[in-house]
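Chain residues, written in single-letter form:
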Amino acid sequence: MSGRLFSLPLALVCAAMVVPAHAATIEITMENLVISPAEISAKVGDTVNWVNKDVFAHTATAKNGDFDVTLPPKKSATSVLKKAGTVEYYCRYHPNMKATLKIEP
Ligand SMILES: [Cu+2]
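Rules of the game
- Residues numbered from 1 in each chain as written.
- Predicted model: local features only at pLDDT ≥ 70, side-chain atom pairs only at ≥ 80, totals over all residues.
- Heavy atoms only, no water.
- Core = buried A, V, L, I, M, F, W, Y, C linked by side-chain atoms within 4.5 Å.
- Buried < 20%, exposed > 50% of the residue type's maximum accessible area, 1.4 Å probe, protein only.
- Helix = DSSP H or I, 4+ residues; strand = E, 2+ residues; numbered from the N terminus.
- Contact = heavy atoms within 4.5 Å.
- Salt bridge = Lys/Arg side-chain N within 4 Å of Asp/Glu carboxyl O.
- Pairing = 2+ DSSP bridges.
- Axes fitted to C-alpha atoms, helices over the stretch in contact; angles between N-to-C directions.

### Some thoughts on the nonpolar core
With 21 residues, the main nonpolar core has Ile-28, Trp-50, Phe-67, Tyr-89 and Leu-101 as its most contacted residues. Of all the elements in the fold, those that place two or more residues in this core are strand E1 (25-31), strand E3 (39-43), strand E4 (47-52), strand E5 (58-62), strand E6 (68-71), strand E8 (85-90) and strand E9 (98-104). Other than its neighbours up to four places away in sequence, Leu-101 contacts Ile-26, Ile-28, Ile-40, Ala-42, Val-48, Phe-67, Leu-81, Gly-85, Thr-86, Val-87 and Tyr-89.

Spelled out as structure tokens, the structure:
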């Protein structure tokens, strides 16, 4: 009987550990032809939530080819960072929209 009483708290602890503590979601917004923040740090395993607040489409296209996300007007998308490095990216439709993503291991 006492064994069953102890198993419930243990199960709750295990469930809490499924999501690694360091994994975070960072939000990058595109509004009025500006990517903000222009420079942000993240870690491998983090999720980027790309938010397009404009009424036209944008892309987040990595210069090194690591990612190429297309964002229809007023839509958002997510991508998970898999590789460390400093990635410069831009919008293919508006090449003067540029930003940097620093991905730490
Ligand atoms: Cu654009």
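### Notes on the pattern of salt bridges
With the rule as written, the count across this model stands at 4 salt bridges. Across the salt bridge formed by Glu-88 and Lys-63, the nearest N and O atoms sit 3.3 Å from each other. Taken together, the residues span a long stretch of sequence, with Glu-88 in strand E8 and Lys-63 in the loop between E5 and E6 at a distance of 25 residues. Of the charged contacts in the structure, one is a salt bridge between Lys-83 and Asp-66, with a shortest N-O distance of 3.1 Å. You can see Lys-83 sitting in the loop between strand E7 (76-80) and E8 and its partner Asp-66 sitting in the loop between E5 and E6, a full 17 residues away along the chain.

### Looking at unusual backbone geometry
Of note, the bond from Ser-36 into Pro-37 is cis; its omega dihedral lies within 30 degrees of zero at -5°. One can find Pro-37 in the loop between strand E2 (34-36) and E3. Of note in this structure, Leu-33 is not a glycine but carries a positive phi near 65°. Take Leu-33: it is sitting in the loop between E1 and E2. With relative accessibility at 40%, the residue Leu-33 sits in the partly exposed group. Positive phi outside glycine occurs at Lys-74, with the angle close to 60°. Tracing the sequence through the fold places Lys-74 in the loop between E6 and E7.

### Observations regarding the sheet that holds E1
In spatial order, the strands read E2-E1-E4-E7; together these 4 strands make up an open sheet with mixed pairing. Unpaired on one side and paired on the other, E2 and E7 mark the two borders of the sheet. On average, each strand axis in the sheet is tilted by 20° relative to the strand beside it, whichever way the strands run. Relative to E7, E4 runs antiparallel, the two sharing 5 bridges. Each residue of the ladder has a partner; that of Thr-47, found in E7, is Val-80.

### Brief notes about the sheet that holds E5
Read from one edge to the other, the open sheet built from 5 strands follows the order E3-E9-E8-E5-E6, with strand pairing classed as mixed. Of all the strands in the sheet, just E3 and E6 have a single pairing partner and so form its edges. Adjacent strand axes in the sheet meet at a mean angle of 20°, parallel and antiparallel pairs treated alike. One ladder, built from 2 bridges, connects E5 with E8; its direction is antiparallel. For Thr-61, the partnering residue across the bridge sits in E8 and is Tyr-90.

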